[in-house]
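So the chains spell out like this:
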Amino acid sequence: MKSLLKLKFLQLRNSLKRGEKKKFLLFLLLGLFFMLVLGFFFNKLFGYLVEVKEFPQVFKVFLAEKLLMMIYMTLFSMLLLSALLTALDVFFISRDLHFLFSTPMPLRSAFTWKMLETAAYSSAMVVFFSLPVLFFYCRWFAPGAGQILQVILAFLLFITAGVLTGILLGLVIPAFFSVRRLQPVLSVFSILLISFIVVFLRLLRPERFLEPSEIDNVLRYMGSLDLKVFYYFPFSWLARAMSLTTEGKIAAYWKIIALFILLLTGLLALVFWLRKKIYLKLFDKLNRGGRGYYKSRWRPVPIENSYRSLLRKEIKTFLRTPAQWSQLLIVGALVAVFVINMKMIPMPHQSVKNFVCYLNLIMAVFIVSGLNSRFTFTSIPNEGPGQVHILSAPFARARFYRFKLVFHLLPLLLVGFTLYGLGDLALHFDGFTRLIALIFLTPAIVFLTIFSLVLGIETNETNPLSPEHVIVSKQGIMYMLWSMIYLVAGMLFMARPVGVFYWHRFTREAVPYAEIAAWFGAFLIVNLALIIYYYRKGRRLWMAREI
């Protein structure tokens, strides 16, 4: 076990020596930013509950417990699916398994190491999202040192229960289904679940329950969460343990901890029993060759100098890669939440509506930027070793570069203007906002698509492990940062003509259309220059690319 820990340490040290310190630093800064945002939200939420004088202390703790149960119910489902997917990968598909099983290391030690590896990979995100919740709950409801330790103990047992349950399922499922076929399906299912959770939580409109005038709705809503079936799940135990810590009921708290320990003991015993009985048999079964039932319908055809063959290749690659098209489900959930927010934002004055309409266009470009990061940027590296066939085929390189650009640009333009259309249906934009959409969206989407494609060509990943591995490369992080800088700069640049127009409309003065047209023209000229520069740079890099 010490050797494996040392190996992980050496891998981390070598990655830092290879110049990846900036990447780790950027991830740390992004993580701190999201933690600050979540911390601000939960600080306001728990602080409001504590400071509302109309609520008695018992009712405040009750509300906090039900909110915690709702939060950790969501996180527990994410933890369970993450642990299941990670266990299938780590215990059956991981590349180092054959090496580990060929060493003098006992199978028990290798299995325990893989369990720790699964726990670290699957629980990292849940722990990350939970830190602001735990910190600000302890600040407002359990500030004592003993109370903080009690909350941390219950939370660690909760994480362990989710991880062990996922590992247990990961050892049972391969006895009935093929891991390599099942893992993409489970990935899509997990993304579907997360998408539904995001939309469901937004449809609940939790902000309305923070108003004292909505006290009856609060009672009814929290009462609907008080289902007896929830009492049998670890997320309910954790919420209850945290509320008992606040109330100072030590005996009841330790009963909850005893329940956790009994559950973990049973799960651990089942996991090691399955390791002893079926794990090696399932691993051997998975790594045997199949019987080759599938017969390909592909037939060699002459490669013409047209885009039809490339289009068929891209469509089939997209449909056969669940890691790619499943991301559209998350985008769909974000779009649904985006539209719901547009409908629910109060519009006390026309100026507020104009501001929200303008933010709608910014958010549309932001979503397109995220899609570029996931699809356009990874399109060239994901060709992998297949780039040899592309570069050696009797097909003009420049035509392939143009095809890649158009193949990603047209759907992204459709997405961007669809978001604009949904915002228009929800808010009924005025004529000036519709003009801004044409001037702002088109060049911004074209530039971000070309920019992401160029950085994708610049990456040195010729055989990436996954699209996620490409996204966190140096060029991937550069794209995320520069796209955000571009978006903020464009928003500030366009704020001047927008502000001038609506200010003169408000004061009933003559609108300086010449000044507004000059700002719009400057925006288009700057973007046109950027588009031409990066298009030619990407074409030059692609033409100079070697096998």
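What you see is a predicted model, and the numbers here were worked out from it, not measured in a lab.

**Q** Teacher, can you tell me more about the overall build of the chain here?
**A** Scanning the chain from terminus to terminus reveals 19 helices and zero strands. Per-residue burial for the chain yields a buried fraction of 43% across its 547 residues. Within the chain, contacts between residues at least 6 apart in sequence are counted, and of these 84% link residues at least 24 apart.

**Q** So what exactly am I meant to see when it comes to the environment of F417 here?
**A** Residue placement: F417 occurs in helix α15 (residues 397-427). On the basis of relative accessible area, F417 is assigned to the partly exposed category, the value being 26%. Sequence separation between F417 and V365 is 52 residues, and the spatial gap between their C-alpha atoms is 9.6 Å. Setting aside anything within four residues of it in sequence, one finds F417 in contact with A437, L438, L441 and T442.

**Q** Before we go on, may I ask you to explain the packing of α15 against helix α16 (residues 431-458) in this structure?
**A** Each packed pair of helices is defined by two parameters, the angle between the axes and the distance between the axes. In contact at an axis separation of 9 Å, α15 and α16 are set at 145 degrees when each is read in the N-to-C sense. Between α15 and α16 the crossing geometry is right-handed. In contact with Y401, K404, L405, H408, L409, L412, L413, G416, F417, Y420 and D424 of α15, α16 contributes R434, A437, L438, L441, T442, I445, V446, T449, I450, L453, V454 and I457. Taken together, the residues of the contact of α15 with α16 sort by class into 16 nonpolar, four polar and three charged.

**Q** For this particular structure, what's the right way to read the pattern of salt bridges?
**A** Opposite charge on two side chains makes pairing possible when the charged atoms of those side chains draw close. Summed over the entire model, instances satisfying the criterion amount to five salt bridges. Between K114 and E117 there is a salt bridge, with the nearest N and O atoms lying 3.3 Å from each other. Placement of both K114 and E117 in helix α4 (residues 107-141) is noted, with a separation of three residues, approximately one turn of the helix. Of the residues examined, E117 reaches a relative accessible area of 11% and is grouped as buried. For the salt bridge of R496 with E515, the shortest nitrogen-to-oxygen distance reads 2.9 Å. Within this pair, whereas R496 is found in helix α18 (residues 474-506), its partner E515 is found in helix α19 (residues 513-543), the two being separated by 19 residues in sequence. Accessibility expressed as a relative area gives 43% for R496, which makes it partly exposed. Residue E515 is classed as partly exposed on the basis of its relative accessible area, which comes to 28%.

**Q** Hey, could you run me through the packing of α4 against helix α8 (residues 234-247) in this one?
**A** With their axes 10 Å apart at the nearest point, α4 and α8 run at an angle of 25 degrees to one another. With respect to α8, the axis of α4 lies roughly parallel. Pair α4 / α8 crosses with right-handed handedness. Touching L134, Y137 and F141 of α4 are M242, S243 and T246, all from α8. Residue classes in the contact of α4 with α8 are distributed as four nonpolar, two polar and no charged.

**Q** It is not clear to me how the nonpolar core should be interpreted in this structure. Could you clarify?
**A** Within the largest apolar cluster, 63 residues are counted, with the highest numbers of intra-cluster contacts made by F46, Y72, F91, F158 and L171. Elements supplying a minimum of two residues to this core: α1 (2-51), α2 (57-93), α4, α5 (145-172), α8 and α9 (250-286). With 16 residues, the top contributor of residues to this core is α2. Excluding anything up to four places from it in sequence, F158 contacts Y72, F76, L79, P234, F235, L238 and F260. Counting 61 residues, the second-largest nonpolar core is a separate cluster that includes Y358, A444, Y486 and F501.

**Q** What am I meant to see in a nonpolar patch on the surface here?
**A** Together, L25, L28, L29 and L32 give the surface a local cluster of nonpolar side chains, amounting to about 380 Å² of exposed area. With respect to the helices and strands, L25 occurs in helix α1. By relative accessible area, L25 is classed as partly exposed at 48%.

**Q** Mind showing me how you'd approach the side chain of H408 here?
**A** One can find H408 in helix α15. For H408, a relative accessible area of 10% translates into the label buried. Here the side chain of H408 touches K404 through a polar contact of 2.9 Å, landing on its backbone oxygen. Not counting chain neighbours up to four residues away, the residues in contact with H408 comprise F375, T376, S379 and T449.

**Q** I tried to follow unusual backbone geometry on my own but got confused; where do I start?
**A** A negative phi holds for most residues other than glycine; trans holds for most peptide bonds. Phi is positive for R508, which is not a glycine, with a value near 60 degrees. Assignment of secondary structure puts R508 in the loop between α18 and α19. On the basis of relative accessible area, R508 is assigned to the exposed category, the value being 78%.

**Q** Got a minute to help me understand a positive patch on the surface in this structure?
**A** A cluster of basic side chains, namely R402, R536, R539 and R540, defines a positive patch on the protein surface. With three residues, α19 is the single largest residue contributor to the positive patch. Positionally, R536 belongs in helix α19. On the basis of relative accessibility, which here comes to 59%, the residue R536 falls in the exposed class.

**Q** Sorry if this is basic, but what is going on with the environment of I257 here?
**A** Of note, I257 is situated in helix α9. Residue classification places I257 among the buried residues on the basis of a relative accessible area of 2%. If we ignore the near neighbours within four places in the chain, the residues touching I257 are L153, A154 and L157.

**Q** How do you make sense of the packing of aromatic side chains when you look at a structure like this?
**A** Geometry of an aromatic ring pair is reported as the spacing of the ring centres plus the angle between the planes. Considering all chains together, one arrives at 38 aromatic pairs under this definition. Taking 5.4 Å as the distance between ring centres and 15 degrees as the angle between the ring planes, the aromatic pair formed by F233 and F235 counts as stacked. F233 gets classed as partly exposed once you look at its relative accessible area, which sits at 35%. In this structure F235 comes out as buried when scored by relative accessible area, which is 5%. Where F451 meets Y534, the ring centres are 5.1 Å apart and the plane angle is 80 degrees; that geometry is what we call edge-to-face. With F451 in helix α16 and Y534 in helix α19, this residue pair connects regions lying 83 residues apart in the sequence. Both residues of the pair, F451 and Y534, belong to the buried class. By way of ring pairs, the aromatic residues Y72, F76, F155, F158, F233 and F235 are connected into one cluster.

**Q** Help me understand the environment of V151, please; the structure alone is not making it clear to me.
**A** Mapped onto the elements, V151 comes out in helix α5. On the accessibility criterion, V151 (1% relative accessible area) is buried. Note: C-alpha distance between V151 and T246 (95 residues apart in sequence) is 9.5 Å. Dropping the residues within four chain positions of it, V151 is found in contact with L134, C138, M242, T245 and Y253.

Parameters at a glance
- Residues numbered from 1 in each chain as written.
- Predicted model: local features only at pLDDT ≥ 70, side-chain atom pairs only at ≥ 80, totals over all residues.
- Heavy atoms only, no water.
- Helix = DSSP H or I, 4+ residues; strand = E, 2+ residues; numbered from the N terminus.
- Buried < 20%, exposed > 50% of the residue type's maximum accessible area, 1.4 Å probe, protein only.
- Contact = heavy atoms within 4.5 Å.
- Axes fitted to C-alpha atoms, helices over the stretch in contact; angles between N-to-C directions.
- Left-handed = near helix turned anticlockwise from the far one by under 90°.
- Nonpolar A, V, L, I, M, F, W, Y, C, P; charged D, E, K, R; others polar.
- Salt bridge = Lys/Arg side-chain N within 4 Å of Asp/Glu carboxyl O.
- Parallel < 35°, antiparallel > 145°, perpendicular 65-115°, else oblique.
- Core = buried A, V, L, I, M, F, W, Y, C linked by side-chain atoms within 4.5 Å.
- Patch = residues over 30% accessible without salt bridge, like charges linked within 9 Å, V, L, I, M, F, W, Y side chains within 5 Å.
- Areas by Shrake-Rupley, 256 points an atom, 1.4 Å probe, with all protein chains shown as cover.
- Polar contact = N/O pair within 3.5 Å; in protein donor to acceptor, adjacent residues only side chain to side chain.
- Lys, Arg positive; Asp, Glu negative; His and termini not counted.
- Charge placed at Lys NZ, Arg CZ, Asp CG, Glu CD.
- Phe/Tyr/Trp six-rings, centres within 6.5 Å; stacked < 30°, edge-to-face > 60°.

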